[in-house]
Amino acid sequence: MKRSTKLPQKPDIRTVATRARVSIATVSRTINRVATVDPALAARVWKAVKDLNYFPNTQARALVSGRSRLLGLIVSEITNPFFPELIQQFENFAVERGYEILIGSTSYEPRKTESCVRRMLERKVDGVAIMTFGIEELLLDRFAESAIPTVFMDLGPKHPSSVTLKVDYRQGIAEGVRHLEELGHKKIGFISGPLKLRSAQTRKTAFLESLADVGLKPKNSWLIEGDHTLDGGRDAMNKLLALKQWPTAILCSNDMTAIGVQHALFEAKLKVPEDFSLIGFDDVHLAEYTIPPLTTVRMSCKDLAFAAVTSLVSRLNKNEIAAAPAQPIPTSLIVRQTTGAPRN
């Protein structure tokens, strides 16, 4: 007797409804995460989905619901470890809420930004988080024209569909400056990011204000503009080493800059923290594994991602009002092994 070569039929929404003993409409509303579905019925639907190994047709769901269940995420530079960590956290929170994500990286280039915006409009994203800086506002107006909710970091347009998340840069940077001053440092330098970026300006201002808080004055030659890259950190440190008088401690606008500084000091046969104390900013995972491990100001990717996803989803849920968190995203000093008392 010949064996049947007919493949088993894939379960569909009707199969799930029969298994869960509910209507097809209830299955549809459950899968689309409609909040009004009775929790007991929803639990039966999700159990049937799992038991049957059922995969909903996302394109069909989008046609029926008018929603793509896609959240866009635009970041500055995908090669900076801070942003992959942010993307991972953003995806975790989005998936928990039944959304997939579409990622775009601008590299601070208007042409790439335009491409990101166009792709997201073509894919009909439900909302977009712009976790970057220096974006052309005219391009982002296209999201507003399409009534797509947006979330910005630090600075964003004033629009009913837009939310701006604030980061408390001052708190963590002030902790870093106080930490250095308590160790005995009076000569503290700062390597900023590109000052055309609002975030870089904000971090530099926070440093100068924090310096004044502990009674110290900045030395202009110790304030170097970097570019938030490893190479930029190395080059900035070499500029400091070319001076006749050196600072004893350096605070950097991000961790990649600080790691570049460490490399420059290694090349110059100088040690951290014996010759220079060093503090970064961001607390990327890599910061724990530099030699020695980097003291840094933590800006939590998890907090940022949670605030961004929550703000977008609340805006998309007509029963809720989208609003920025009442408190700014916190920053705090993480002390490791790159800070110590000055040699002299």
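Use the structure listed above.
**So, the sheet that holds strand 6 (residues 188–192)**
In space, the six strands of this open sheet follow the order 7-6-8-9-10-11, with mixed pairing throughout. Across the chains shown, the open sheet's two edge strands, defined by having one partner strand only, are strand 7 (223–225) and strand 11 (331–334). Here the strands of the sheet are splayed against their neighbours by 15 degrees on average, with no regard to which way each runs. Of the strand pairs in this sheet, strand 8 (residues 249–252) and strand 9 (residues 277–282) are connected by three bridges, and their pairing is parallel. Within strand 9, the position partnered with I250 by the bridge is L278.

**Description of the pairing of strand 6**
Burial of strand 6 is extensive: five of the five residues sit out of reach of the surface. Covered by surrounding structure in strand 6 are I188, F190 and S192 together with G189 and I191, the residues of both alternating faces. In this sheet, strand 8 lies alongside strand 6 in parallel orientation, the contact comprising four bridges. When the sheet's bridge partners are listed, F190 is paired in strand 8 with L251. The pairing of strand 6 with strand 7 spans three bridges and is parallel. Each bridged residue has a counterpart across the sheet, and for S192 the counterpart in strand 7 is E225. Running through helix 9 (residues 198–213), the crossover from strand 6 to the neighbouring parallel element strand 7 is right-handed.

**A closer look at the nonpolar core**
Within the largest apolar cluster, 67 residues are counted, with the highest numbers of intra-cluster contacts made by F90, M131, F207, M237 and I250. With sequence-adjacent residues up to four places away left out, I250 is seen in contact with G189, I191, M237, L240, V261, F276, S277, L278 and I279. Core analysis: the next-biggest nonpolar cluster, separate from the first, contains twelve residues, L70, V125, V128 and I130 among them.

**Digging into helix 3 (residues 39–52)**
Here helix 3 is 14 residues long and its end C-alpha atoms lie 20 Å apart, about the 20 Å a rise of 1.5 Å per residue gives. Among all positions in helix 3, only A42, V45, A48, V49 and L52 are buried. Buried residues of helix 3 fall within an arc of 125 degrees about the axis and therefore sit on the same side. For helix 3, exposure combined with an orientation more than 90 degrees from the buried face picks out P39, K47 and K50. Next to the buried residues of helix 3 lie helix 1 (13–20) and helix 2 (24–31).

**Some details on unusual backbone geometry**
Residues apart from glycine generally show negative phi values, whereas peptide bonds are mostly found in trans. Put simply, V272 and P273 share a cis peptide bond, and its omega is 5 degrees. Backbone torsion omega between I291 and P292 reads -5 degrees, so that peptide bond is classified as cis. The topology assignment puts P292 in the loop between strand 9 and strand 10 (295–299). Even without a glycine there, the phi angle at R21 is positive, about 60 degrees. Along the chain, the position of R21 falls in the loop between helix 1 and helix 2. Accessibility expressed as a relative area gives 61% for R21, which makes it exposed. The phi dihedral of D283 is positive, around 65 degrees, even though this residue is not glycine. Tracing the sequence through the fold places D283 in the loop between strand 9 and strand 10. Here D283 falls in the buried class, since its relative accessible area comes to 11%.

**Things to note about the pattern of salt bridges**
This structure, assessed with the given rule, holds 13 salt bridges. A salt bridge links D51 to R19; the shortest N-O distance between them is 3.7 Å. Of the two residues, D51 is situated in helix 3 and R19 in helix 1; the sequence distance between them amounts to 32 residues. Residue classification places D51 among the partly exposed positions, given a relative accessible area of 37%. For R19, a relative accessible area of 44% corresponds to the partly exposed category. Here E122 and R118 are joined by a salt bridge, their closest N and O atoms 3.9 Å apart. Within this pair, E122 and its partner R118 are both found in helix 6 (residues 110–122), separated by four residues, close to a single helical turn. The class of R118 is partly exposed, set by a relative accessible area of 37%. Salt bridges linked by common partners bring R19, K47 and D51 together as one network.

Thresholds, definitions, all that
Residues numbered from 1 in each chain as written. Predicted model: local features only at pLDDT ≥ 70, side-chain atom pairs only at ≥ 80, totals over all residues. Heavy atoms only, no water. Pairing = 2+ DSSP bridges. Helix = DSSP H or I, 4+ residues; strand = E, 2+ residues; numbered from the N terminus. Axes fitted to C-alpha atoms, helices over the stretch in contact; angles between N-to-C directions. Buried < 20%, exposed > 50% of the residue type's maximum accessible area, 1.4 Å probe, protein only. Right-handed = clockwise from strand over helix to strand, strands pointing away. Core = buried A, V, L, I, M, F, W, Y, C linked by side-chain atoms within 4.5 Å. Contact = heavy atoms within 4.5 Å. Expected span 1.5 Å × (residues − 1). Arc of directions from axis to C-beta. Salt bridge = Lys/Arg side-chain N within 4 Å of Asp/Glu carboxyl O.

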